Amino acid sequence: EYGVENYYCRGVCCFLFMMSMTDDLFQTVNLAGLLYYVPSDNSKWVRYDLPAWTTDKEHAKSVFGLSEFHLVKFGISGMPLRWKLATAIFVFIPKAVMWW
């Protein structure tokens, strides 16, 4: 109840609230960029990379003492269009409407 009576307390509360909401605004803008820039293909996001100097994985693993997991690489390759649409409809649009 003191925050309702004191002008400075009300100002600090509003400032703290807007600081937390600004982070959500930046996350919403970043989500829009992600949906726009990630390719709309259904390519693989996990690949198995052998060193360039050999084609035998067992030899490469024995030379450096690696396991199978060390030769697996992860990356962003694309997002199918149906998942982009679902994310836009169920996540991005509701967040953008709340900011309107």
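This text follows the structure it describes.
Residues take numbers from 1 onward in each chain, read along the sequence in its written order. Only residues with pLDDT of at least 70 get local features here, since the model is predicted, and only at 80 or more are side-chain atom pairs given and counted; chain-wide, interface and lining totals rely on the full set of residues. Heavy atoms from the whole structure form the basis of all side-chain values; hydrogens and water molecules are not counted.

Engineer: Summarise the pattern of salt bridges; cite the residues concerned and give the values.
Structural biologist: Any Lys or Arg side-chain nitrogen found within 4 Å of a carboxyl oxygen on Asp or Glu counts as a salt bridge. Taken as a whole, this structure holds four salt bridges when the rule is applied. One salt bridge in this structure joins aspartate 49 and arginine 47, with 3.0 Å as the shortest N-O distance. One salt bridge connects glutamate 58 with lysine 61, and the closest N-O pair in it is separated by 3.5 Å. Within this pair, glutamate 58 and its partner lysine 61 are both found in helix H3 (residues 57–64), separated by three residues, close to a single helical turn. Burial here depends on accessible area, computed with a 1.4 Å probe over protein chains only, as a share of the maximum for the residue type. Under 20% is buried, over 50% is exposed, and the range in between is partly exposed. Looking at glutamate 58, the relative accessible area reads 44%, which means it is partly exposed. Taken together, the shared-partner salt bridges connect Glu58, Lys61 and Glu68 into one network. For the purposes of this entry, the term helix denotes a DSSP run of H or I that reaches at least four residues, the term strand denotes a run of E that reaches at least two, and both are numbered from the N terminus.

Engineer: I'd like a rundown of the state of the cysteines, residues and numbers included.
Structural biologist: Two cysteine sulfur atoms form a disulfide, by the criterion used here, when they sit within 2.5 Å. On inspection of all chains with the given rule, the structure shows zero disulfides. Free of any disulfide, cysteine 13 has its nearest neighbouring cysteine sulfur in cysteine 9, separated by 4.3 Å. By relative accessible area, which is 46% here, cysteine 13 ends up partly exposed.

Engineer: How would you explain the packing of helix H2 (residues 7–37) against helix H4 (residues 81–99) if you had to name every residue and give the values?
Structural biologist: Each axis is a line fitted through C-alpha atoms, taken for helices only over the stretch in contact, and angles between the N-to-C directions span 0 to 180 degrees. Closest axis-to-axis distance for the H2/H4 pair is 10 Å, and the angle between their directions is 150 degrees. Relative to H4, the element H2 is oriented roughly antiparallel. The two elements H2 and H4 meet at a crossing, and its hand is left-handed. For the pair H2 and H4, the contacting residues are Met21, Thr22, Asp24, Leu25, Gln27, Thr28, Leu31, Ala32, Leu35 and Tyr36 in the first and Lys84, Thr87, Ala88, Val91, Phe92, Lys95, Ala96 and Trp99 in the second. Angles are sorted into four bins: roughly parallel if under 35 degrees, roughly antiparallel if over 145, roughly perpendicular if 65 to 115, and oblique for all others. A crossing counts as left-handed when the near helix is turned anticlockwise from the far one by less than a right angle, and as right-handed when that turn is clockwise. The contact definition used throughout considers only heavy atoms, calling two residues in contact when any of these lie within 4.5 Å.

Engineer: Got a sec to walk through H4? Specific residues and values, please.
Structural biologist: Multiply 1.5 Å by the residue count of a helix minus one, and that product is the helix's expected span. Under the 1.5 Å per step criterion, the end-to-end length of H4 is 25 Å for 19 residues, consistent within 8% with the ideal 27 Å. Buried residues of H4: Lys84, Thr87 and Lys95, and no others. Taken together, the buried residues of H4 touch H2.

Engineer: Requested: an account of the packing of aromatic side chains, with residues and values cited.
Structural biologist: Pairs were defined over the aromatic rings of Phe, Tyr and Trp, the Trp ring being its six-membered one, requiring ring centres within 6.5 Å. Orientation was assigned from the angle between planes: stacked under 30 degrees, edge-to-face over 60, tilted for the rest. Enumeration according to the criterion identifies four aromatic pairs in this entry. Aromatic side chains tyrosine 36 and tyrosine 37 sit 4.9 Å apart centroid to centroid with 85 degrees between the ring planes, which places their arrangement in the edge-to-face category. One exposure class covers both tyrosine 36 and tyrosine 37, and it is exposed. In this structure an aromatic cluster arises from ring pairing among Trp45, Phe69 and Phe74.

Everything listed here is a matter of geometry and, on its own, says nothing about what the molecule does.
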